[in-house]
Amino acid sequence: MPRYSYVNGRYVPHAGAAVHIEDRGFQFADGVYEVISFVNGHFADEAGHLDRLERSLHEMRIAQPMPRKALQLVLRAFIRRNRLKNAYVYIQVTRGAAPRDFRFPAGDVRPTLVITHLLRARFDLEARKKLLGKAVTVPDIRWKRRDIKTTGLTAQVLAKQEAVERGAYEAWMVDDKGFVTEGSSTNAWIVDKKGMLVTRPTDHHDILKGVTRNAIQALCKKEGVKLVERAFTPAEAYKAKEAFITAAGTLVMPIVEIDGHKIGDGRLGTLTEKILDLYFAYASDKKRRQERWTPK
Ligand code: PLP
């Protein structure tokens, strides 16, 4: 029997069902989902799942792809089309496909709605009574492995969007203890009151070990620029002489205001400029690039 998936208003053969590679679900995990069991011809807990779907969408500020009534009709048509009696039905909604940018897409980008099902659904009461499970305990690392450059960027998308809406370029994220971790897509640096360059250490999985950050550390060492790795609070950052962010795309960008506090004199600082100069020269050094990329 042919198997269909529902993709943005169309029932398509499952084998060829696809969303765009710039779908934000793929790029940023910028989406939500629900699984509803279809047990012996009935959706189990349908209202509970649709309530949670709507709540998740609301919390993520993703538009409802369609009103609940319409979605319920689609779910039933999906069941009929696939001639299902028992199924695990997956509803996946993302913020849609748009050119890659952490910020929410501008303009009229429609959420992506995908409905699909697994083939192996069986709901046999007697068989269920024989299913005996084991469990192991593991540390709950959700949101705590910032050292891995995963595409699970939901938190960063929300942070970046908040920055934009508060008139800023970047959001500096603050941990449970009140210390800045890093920017939503950049590493964070300050020049403290004593003129010392400061950035957070990369141990404890607290931040992403930025490649740009590493290179700047090496350049600082070579050029005799003193640097200390320690955590700092937003309050300290407000009073910093200079602040900047680093990343592959951003290179070195001065931050001249944080939460409305002017940093230094609100202009490109001396040390930031020096580091930008050093990094720019390093990044555009043809000789070094060739060294690195010559195939062995
Ligand atoms: N921190 C986070 C959370 C990032 O997403 C990025 C880059 O995307 C960085 C830091 C900077 O890393 P890199 O210098 O390797 O681009």
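All values derive from a computational prediction rather than experimental measurement.

S.K.: Hey, could you go over the pattern of salt bridges for me, with residue numbers and the actual values?
M.R.: Under the definition given, this model contains 22 salt bridges. For aspartate 101, the salt bridge goes to arginine 103, with nearest N and O atoms at 2.8 Å. Classification of arginine 103 by relative accessible area gives partly exposed; the value is 40%. Among the ionic contacts, a cluster of salt bridges with common partners joins Arg146, Asp175, Arg200 and Asp206.

S.K.: So what about the sheet that holds strand E9 (residues 187–191)? Which residues, and what values?
M.R.: Read across the sheet, five strands follow the order E11-E10-E9-E12-E13 without closing on themselves; strand pairing throughout is mixed. Both outer strands of the open sheet, strand E11 (227–229) and strand E13 (251–254), are each paired with one neighbouring strand and no more. Here the strands of the sheet are splayed against their neighbours by 25° on average, with no regard to which way each runs. As paired elements, E9 and strand E10 (residues 197–199) share three bridges and run antiparallel to each other. Bridge pairing links valine 191 to leucine 197 in E10. Against the sheet, helix H8 (residues 270–283) makes contact with E9, E10, strand E12 (242–247) and E13, and its axis sits at roughly 160° relative to E13, the strand it touches most.

S.K.: I'd like a description of the packing of helix H6 (residues 211–223) against H8, backed by residues and values.
M.R.: H8 packs onto H6 with a crossing angle of 110° between their chain directions and a minimal axis gap of 10 Å. Compared by their axis directions, H6 and H8 come out roughly perpendicular. Judged by residue contacts, Thr212, Ala215, Ile216, Leu219, Cys220 and Glu223 of H6 engage Ile275, Leu278, Tyr279 and Tyr282 from H8. Split by residue class, the contact of H6 with H8 holds eight nonpolar, one polar and one charged.

S.K.: I'd like to hear about the pairing of strand E3 (residues 31–39), residue by residue, with values.
M.R.: Going residue by residue along E3, you find Val32, Glu34, Ile36 and Phe38 tucked away on one face and Gly31, Tyr33, Val35, Ser37 and Val39 left uncovered on the opposite face. Across eight bridges, E3 lies against strand E5 (residues 87–94) in antiparallel orientation. Looking across to E5, one finds that valine 32 is bridged to valine 93. Where E3 hands over to strand E4 (residues 42–43), the hairpin turn is made up of two residues, of which asparagine 40 adopts a positive phi near 45°.

S.K.: Any chance you could break down the domain arrangement of the protein chain for me, citing the residues and the numbers?
M.R.: Segmenting the protein chain into domains produces domain 1 (4–123) and domain 2 (126–283). Each of domain 1 and domain 2 has a C-alpha centre, and the two are 34 Å apart. Tallying the contact residues gives 16 residues for domain 1 and 14 residues for domain 2. Taking both partners together, domain 1 and domain 2 bury about 1200 Å²; carbon and sulfur atoms supply 64% of that area. By the criterion of area lost to domain 2, the three top residues of domain 1 are Phe102, Arg103 and Phe104, representing 43% of everything that side buries.

Procedures and definitions
Residues numbered from 1 in each chain as written. Predicted model: local features only at pLDDT ≥ 70, side-chain atom pairs only at ≥ 80, totals over all residues. Heavy atoms only, no water. Salt bridge = Lys/Arg side-chain N within 4 Å of Asp/Glu carboxyl O. Buried < 20%, exposed > 50% of the residue type's maximum accessible area, 1.4 Å probe, protein only. Pairing = 2+ DSSP bridges. Helix = DSSP H or I, 4+ residues; strand = E, 2+ residues; numbered from the N terminus. Axes fitted to C-alpha atoms, helices over the stretch in contact; angles between N-to-C directions. Contact = heavy atoms within 4.5 Å. Parallel < 35°, antiparallel > 145°, perpendicular 65-115°, else oblique. Nonpolar A, V, L, I, M, F, W, Y, C, P; charged D, E, K, R; others polar. Domains from an automatic or database assignment. Buried area = accessible area lost by both parts, 1.4 Å probe.

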